[in-house]
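# Analysis of the macromolecular model
Chain by chain, the residues run as shown.
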Amino acid sequence: MDGNHGQADYIISGKYLLPTWRHAERIEDGAVAVLRDEIIAVGGRAELTARFAEAEELHEPAGLIMPGLINTHTHAAMTCFRGMADDLPLMDWLQDHIFPAEARLDHDQVKTGTLLACAEMIMSGTTCFCDMYLFEDAVARAAKDAGMRAVVGEVLYDFDSPNYGSIENGIGYTQNLIDSWQQNPLISIAVEPHSAYLCAPEL
């Protein structure tokens, strides 16, 4: 990480730097140097601005520089359902309100809802998320457009999906996701049965 001695595109600096989980201590007045899409150096601000004198500096005097957060459980497109019967027990909420609303979803609505979720996650410092929902190709496209890393998987369950219909089609849809996204550096595909209460043992 610290092998480059002169060229960086920019330096990100702030009041504190938390380099990685390997570092027990924060660095006061810390910085990271970035070349293209790689962090090439970590250390004190004075050291890095001298070492990479030509680099643009993005400095936040009260800022905390740290690795991006990872949201490990999302249904990102559900931003469009905020406030919908959210005071009910889980199964009443799902069966009577969410599943009927999801039956009317389409690819474009899921992409739009996910783009909103991506914007909110980026604002919070989240740079990667794991999503299980419907129309997951739309989720993958939204994450790619937002420049976020994502692990995405189409929800699989015993009843027909608003996206793919029968479970057999769901397995095929998942295989198509794997084939379509396997070379993308930002997107990884997961196989995502919904839950023990909506999936038969065979699934």
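Procedures and definitions
Residues numbered from 1 in each chain as written. Predicted model: local features only at pLDDT ≥ 70, side-chain atom pairs only at ≥ 80, totals over all residues. Heavy atoms only, no water. Axes fitted to C-alpha atoms, helices over the stretch in contact; angles between N-to-C directions. Helix = DSSP H or I, 4+ residues; strand = E, 2+ residues; numbered from the N terminus. Parallel < 35°, antiparallel > 145°, perpendicular 65-115°, else oblique. Contact = heavy atoms within 4.5 Å. Salt bridge = Lys/Arg side-chain N within 4 Å of Asp/Glu carboxyl O. Buried < 20%, exposed > 50% of the residue type's maximum accessible area, 1.4 Å probe, protein only. Patch = residues over 30% accessible without salt bridge, like charges linked within 9 Å, V, L, I, M, F, W, Y side chains within 5 Å. Areas by Shrake-Rupley, 256 points an atom, 1.4 Å probe, with all protein chains shown as cover. Core = buried A, V, L, I, M, F, W, Y, C linked by side-chain atoms within 4.5 Å. Left-handed = near helix turned anticlockwise from the far one by under 90°. Nonpolar A, V, L, I, M, F, W, Y, C, P; charged D, E, K, R; others polar. Phe/Tyr/Trp six-rings, centres within 6.5 Å; stacked < 30°, edge-to-face > 60°. Pairing = 2+ DSSP bridges. Right-handed = clockwise from strand over helix to strand, strands pointing away.

## Points about the packing of helix 4 (residues 136-146) against helix 5 (residues 167-181)
- Direction vectors running N to C along helix 4 and helix 5 enclose 25°, while the axes themselves pass 10 Å from each other. By the criterion of interaxial angle, the relationship of helix 4 to helix 5 is roughly parallel. In this structure, helix 4 contributes E136, D137, A140, R141 and K144 to the contact, and helix 5 contributes Y173, L177 and W181.

## Some remarks on the pattern of salt bridges
- Applying the stated rule across the entire model yields six salt bridges.
- With a shortest N-O distance of 2.5 Å, R45 and E57 are connected by a salt bridge. You can see R45 sitting in helix 1 (residues 45-51) and its partner E57 sitting in strand 4 (residues 56-65), a full 12 residues away along the chain.
- Of the residues examined, R45 reaches a relative accessible area of 25% and is grouped as partly exposed.
- The exposure class of E57 is partly exposed, given its relative accessible area of 30%.

## With respect to a nonpolar patch on the surface
- Together, L18, L64, M66 and L69 give the surface a local cluster of nonpolar side chains, amounting to about 330 Å² of exposed area.
- Position of L64 among the secondary structure elements: in strand 4.

## Digging into the nonpolar core
- Judged by nonpolar contacts, the single largest core of 35 residues is most densely connected at V110, F129 and Y133.
- Of all the elements in the fold, those that place two or more residues in this core are helix 2 (90-102), helix 3 (107-123), strand 6 (126-133), helix 4, strand 7 (149-156) and helix 5.
- Counting residues in each nonpolar core, the second largest holds 10 residues, with A31, I40, L48 and F52 among its members.

## Here we look at the packing of helix 3 against helix 4
- Running from N to C, helix 3 and helix 4 cross one another at 40°; their axes reach a closest spacing of 8 Å. Our classification of the angle between helix 3 and helix 4 gives oblique. Remark: the crossing between helix 3 and helix 4 carries right-handed chirality. Seen from helix 3, the contacting residues are H107, V110, K111, T114, L115, C118 and I122; seen from helix 4, they are D137, A138, V139, R141, A142, A143, D145 and A146.
- For the contact of helix 3 with helix 4, the residue count by class is nine nonpolar, two polar and four charged.

## Comments concerning the packing of aromatic side chains
- All chains considered together, the criterion is met by two aromatic pairs.
- Considering the side-chain rings of Y157 and F159, the 4.1 Å spacing of their centres and the 20° angle between planes classify their relative orientation as stacked.
- Every member of this aromatic cluster is reached through a ring pair, and the members are F99, Y157 and F159.

## Considering the sheet that holds strand 2 (residues 27-35)
- With mixed pairing, four strands are arranged side by side in an open sheet as 3-2-1-4. Looking at strand neighbours, the two that pair on one side only are strand 3 (38-44) and strand 4, the edges of this open sheet. Neighbour-to-neighbour, the strand axes of the sheet open up by a mean angle of 20°, direction not taken into account.
- In this sheet, strand 2 lies alongside strand 1 (residues 10-17) in antiparallel orientation, the contact comprising seven bridges. Residue pairing in the sheet places G14 in a bridge with G30 of strand 2.

## Topic: helix 4
- Taken residue by residue, helix 4 has E136, D137, A138, V139, A140, A142 and A143 as its buried positions.
- Check the buried side of helix 4 and you find it contacts helix 3, strand 6, strand 7, helix 5 and strand 8 (187-189).
- Of the residues flanking the end of helix 4, it is G147, one or two places downstream, whose phi is positive at about 75°.

## Brief notes about unusual backbone geometry
- Unlike most non-glycine residues, D29 shows phi in positive territory, near 50°.
- Its location among the elements puts D29 in strand 2.

## As for the environment of V42
- Of note, V42 is situated in strand 3.
- Put simply, V42 and I27 are 15 residues apart on the chain and 9.6 Å apart in space, counted from C-alpha to C-alpha.

## Overview of the pairing of strand 6
- With six of eight residues buried, strand 6 is to be regarded as a mostly interior element.
- Bridge count between strand 5 (residues 69-74) and strand 6: four bridges; the pairing is parallel. Among the inter-strand pairings, L69 is bridged to a residue of strand 6, identified as T126.
- Across six bridges, the pairing between strand 6 and strand 7 is parallel. Bridge assignment links M132 to a residue of strand 7, and that residue is G153.
- Note that the unit made of strand 6, helix 4 and strand 7 has a crossover that is right-handed.

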